[in-house]
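One letter stands for each residue in the lines below.
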Amino acid sequence: MNVQELEAKAIAEIEAAESLDALEKLHTNYLGRSGEYTTLLRSIGSIQPDQRKQFGQAVNESKAKLESLFAERKGALGKLEAQSKSAKEAVDISMPEYPHRFGIPHVLAQTIERIQNALIGLGFQYDEYPELETVDYNFKALNYPPDHPAMDDQDTFYLDDHRLLRTQCTAFQGRVFEKIKPPLRQFTIGRCFRNEAVDRTHNHTFMQVDALMVDKGVSMAHLKGTLTMFARQMFGEDIEVRFRPDYFPFVEPGVDYGVTNPFRKNGQGPEWLELGGAGMVHPNILEAYGIDTDRYSGFAFGLGVERIALLQYGIDDLRLFFDSDLRFLEQFPA
Ligand code: FA5
């Protein structure tokens, strides 16, 4: 190949090079130490002596021409590559951002907050108590005679002979009496556990709100007044309350507490719904904690939190609260 042919081939390839890498390789192939131009120069021995000078000059001029062509092409390709790199890395600020998903409090958490606000408004103080309780606080301190059948209604999960998962928040009473002297107004909300056949209104794990008030001259009238005010705050002014005699070992007298069903239409659905139990604190309990029953008396009540939520929202199955189904939960924005 003579100089002209080699140069023409090199120019065509330089112009066709599409990247700086490819161009670099071409440079080595043609102008590198063992490139095509070096090979061509070495062939000078086979040229007629009087033509050697001219040959040498032609090769060197061609090399110089190629060098400047390489430099030119290198500049152009460098620019192109920089442009496409920044185009690839560019942030498109006109793109809409991903929508944020904000959580909402669970419907039961909303009900709990309303219960807390209502009772705090009535002068009660809130605190939390253990779910894993002793048999003593859950039953014995609450005036259950040993082996009394009332305990059978509240079968639960025992860890051993002395510890169980509490069956009722009423278990908080012994702990309150041990640390607070009357006058006192305390309440708690928390999980309770029972060995229970699960249905629309019963679960093995559920929540109760329990309250306890002890002061001078506390009577059944205070209990009824408190639970009437509570019902109005939770369900509205039109609600009616009902108290019927009932038995719990820790109250005397004891009542069950129900409210009118706000979702009853045209005689459909139950007229009254039971929310829980209540009564005057049994004197045996006050005496066991050294409280003078000639001066002090008290009332207590314990209500189902899920039952309150069912009533507030007109839901007919408490199992929905535990299913974590967003289609249900999203219906209760805070
Ligand atoms: C009690 O647990 C008493 N400790 C209430 C009490 C407190 C009476 C203070 C007197 C003084 P009872 O077992 O009826 O009572 O339960 C009270 C309420 O808890 C029920 O009315 C119901 O609303 C709720 N409850 C009870 N068991 C379940 C359950 N398995 N699932 C959902 N809610 C329940």
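Criteria and cut-off values
- Residues numbered from 1 in each chain as written.
- Predicted model: local features only at pLDDT ≥ 70, side-chain atom pairs only at ≥ 80, totals over all residues.
- Heavy atoms only, no water.
- Helix = DSSP H or I, 4+ residues; strand = E, 2+ residues; numbered from the N terminus.
- Buried < 20%, exposed > 50% of the residue type's maximum accessible area, 1.4 Å probe, protein only.
- Areas by Shrake-Rupley, 256 points an atom, 1.4 Å probe, with all protein chains shown as cover.
- Lys, Arg positive; Asp, Glu negative; His and termini not counted.
- Charge placed at Lys NZ, Arg CZ, Asp CG, Glu CD.
- Domains from an automatic or database assignment.
- Near = heavy atom within 4 Å.
- Polar contact = N/O pair within 3.5 Å; in protein donor to acceptor, adjacent residues only side chain to side chain.
- Axes fitted to C-alpha atoms, helices over the stretch in contact; angles between N-to-C directions.
- Parallel < 35°, antiparallel > 145°, perpendicular 65-115°, else oblique.
- Contact = heavy atoms within 4.5 Å.
- Nonpolar A, V, L, I, M, F, W, Y, C, P; charged D, E, K, R; others polar.
- Pairing = 2+ DSSP bridges.
- Expected span 1.5 Å × (residues − 1).
- Arc of directions from axis to C-beta.
- Salt bridge = Lys/Arg side-chain N within 4 Å of Asp/Glu carboxyl O.

A. Examining the overall build of the protein more closely. Of regular secondary structure, the protein possesses 11 helices and nine strands. By principal-axis analysis of the C-alpha atoms, the protein measures approximately 140 × 50 × 35 Å. The buried share among the 334 residues of the protein stands at 40%. When the accessible surface of the protein is totalled, it reaches about 19,600 Å², and 51% of it is carbon and sulfur. Of the side chains in the protein, 36 bear a positive and 50 a negative charge, and the two mean positions are spaced by 7 Å.

B. Molecular detail of the domain arrangement of the protein. Domains assigned within the protein are domain 1 (3–89) and domain 2 (108–329). Taken over C-alpha atoms, the centre of domain 1 sits 94 Å from the centre of domain 2.

C. Local environment of the site of the ligand. Around the ligand lies a shell of 25 residues, among which Gln-168, Thr-170, Arg-194, Glu-196 and Asn-203 are the nearest. Between Gln-168 and the ligand, the recorded distance is 2.7 Å, taken from a side-chain N or O atom to a nitrogen atom. Surface burial for the ligand is 94%, taken as the share of its 660 Å² of free accessible area covered by protein chains. Looking at the shell around the ligand, the elements with two or more residues in it are strand S5 (205–216), strand S8 (272–281) and strand S9 (296–304). By residue number, the principal contributor to the shell around the ligand is S8, which donates five residues.

D. Broad picture of the packing of helix H5 (residues 107–121) against helix H10 (residues 305–313). Following both chains from N to C, one finds H5 and H10 inclined at 100°, their axes separated by 10 Å at the closest point. The angle between H5 and H10 places the two elements in the roughly perpendicular class. Between H5 and H10, the residues in contact are Val-107, Leu-108, Gln-110, Thr-111, Ile-112, Arg-114 and Ile-115 and Val-305, Glu-306, Ile-308, Ala-309, Gln-312 and Tyr-313, respectively. Here the residues of the contact of H5 with H10 are counted per class, giving eight nonpolar, three polar and two charged.

E. Spotlight on the sheet that holds strand S6 (residues 241–246). One open sheet accounts for seven strands, arranged S1-S4-S5-S9-S8-S7-S6; its pairing is mixed. A strand with exactly one partner marks an edge of an open sheet, and here the two such strands are strand S1 (125–126) and S6. Across eight bridges, strand S7 (residues 251–260) lies against S8 in antiparallel orientation. Of the residues in S8, the one forming a bridge with Val-251 is Val-281. Lying over the sheet, H5 contacts S1, strand S4 (184–193), S5 and S9, oriented at roughly 165° with respect to S4.

F. Spatial organisation of helix H1 (residues 3–16). For H1, built from 14 residues, the straight-helix expectation of 20 Å at 1.5 Å per residue is met to within 8% by its first-to-last C-alpha distance of 20 Å. Listed in full, the buried residues belonging to H1 are Val-3, Leu-6, Glu-7, Ala-10, Ile-11 and Ile-14. The arc that holds the buried residues of H1, viewed along the axis, is 130°, so those residues lie on one side. Turned more than 90 degrees away from the buried face of H1, the exposed residues are Gln-4, Glu-15 and Ala-16. On its buried face, H1 sits against helix H2 (20–31), helix H3 (36–42) and helix H4 (52–89). Its side-chain oxygen 3.2 Å from the backbone nitrogen of Gln-4, Asn-2 forms the N-cap of H1.

G. Structural view of H5. With 15 residues, H5 should cover 21 Å at 1.5 Å per step; its first-to-last C-alpha distance of 21 Å lies within 8% of that length. Inspection of H5 places Val-107, Leu-108, Gln-110, Thr-111, Ile-112, Ile-115, Gln-116, Ala-118 and Leu-119 among the buried residues, and these make up the whole buried set. Gly-123 sits one or two residues past H5 and shows a positive phi near 95°.

H. Structural view of the pattern of salt bridges. Tallied over the full model, the rule gives 11 salt bridges. A salt bridge links Asp-160 to Arg-163; the nearest nitrogen and oxygen atoms lie 3.1 Å apart. For Arg-163, a relative accessible area of 38% corresponds to the partly exposed category.

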